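Commentary on secondary and tertiary structure
Each chain, letter by letter, is given below.
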Amino acid sequence: MRTRILAFTAALVLAALGGAVPVAQGAAPAIPGPTCTAAEGTVEYDSSTGQWTCKGGEHDGELITES
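A brief structural summary.

Reading the values: rules and limits
- Residues numbered from 1 in each chain as written.
- Predicted model: local features only at pLDDT ≥ 70, side-chain atom pairs only at ≥ 80, totals over all residues.
- Heavy atoms only, no water.
- Helix = DSSP H or I, 4+ residues; strand = E, 2+ residues; numbered from the N terminus.
- Buried < 20%, exposed > 50% of the residue type's maximum accessible area, 1.4 Å probe, protein only.
- Contact = heavy atoms within 4.5 Å.
- Areas by Shrake-Rupley, 256 points an atom, 1.4 Å probe, with all protein chains shown as cover.
- Patch = residues over 30% accessible without salt bridge, like charges linked within 9 Å, V, L, I, M, F, W, Y side chains within 5 Å.
- Salt bridge = Lys/Arg side-chain N within 4 Å of Asp/Glu carboxyl O.
- Pairing = 2+ DSSP bridges.
- Disulfide = S-S within 2.5 Å.

A separate point is the overall build of the chain. Scanning the chain from terminus to terminus reveals two helices and four strands. Order of helices (α) and strands (β) in the chain, N terminus to C terminus: α-β-α-β-β-β. Evaluated residue by residue, the chain yields a buried proportion of 16% over its 67 residues. In the chain, the share of contacts with a sequence separation of at least 24, taken over all contacts with a separation of at least 6, comes to 33%. Accessible surface computed for the chain: about 5,100 Å², of which carbon and sulfur atoms make up 62%.

The following block contains the structure:
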C-alpha cells in the first residue's frame, strides 16, 4: 500500500514538473535568425544551454526560433 502511494505521489510530481517546462521556455522572447542578423547581431550556439541566441545588435541575448 505504501509503495502505491509513493508511486502515485512521484507520478503527480513528475507530471507537474513536465507541464511547467514548456511554459517556462515559451515565456522567453524569441526571434528568427534573419531578424538578428538584420539588426547587426550574430547568431551563435550556446553549448551550455543547447540553444541558439542572438549576440550583439538590437536583439542581444534573445533566443533564435528558426534560421
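Now for a nonpolar patch on the surface. On the surface, Val43, Tyr45 and Trp52 cluster together into a nonpolar patch covering about 310 Å² of accessible area. Turning to its location among the elements, Trp52 is positioned in strand E3 (residues 51–55). In this structure Trp52 comes out as partly exposed when scored by relative accessible area, which is 45%.

What follows covers the pairing of E3. Strand direction decides the pairing type here: strand E2 (residues 42–46) and E3, joined by five bridges, are antiparallel. Note that in E3 the partner of Asp46 across the bridge is Gln51. Counting the residues that bridge the hairpin from E2 to E3 gives four residues, and of these Gly50 lies at a positive phi of roughly 75°.

By the definition in use, this model includes one disulfide. The disulfide that involves Cys36 links it to Cys54, with 2.0 Å between the sulfurs. Judged by the sign of its S-S torsion, about 85°, the cystine formed by Cys36 and Cys54 is right-handed. Remark: Cys54 occurs in strand E3 and Cys36 occurs in helix H2 (residues 33–38); sequence separation between them is 18 residues. Each member of the pair Cys36 and Cys54 is classed as buried.

Spatial relationships are all this shows, so hold off on functional conclusions.
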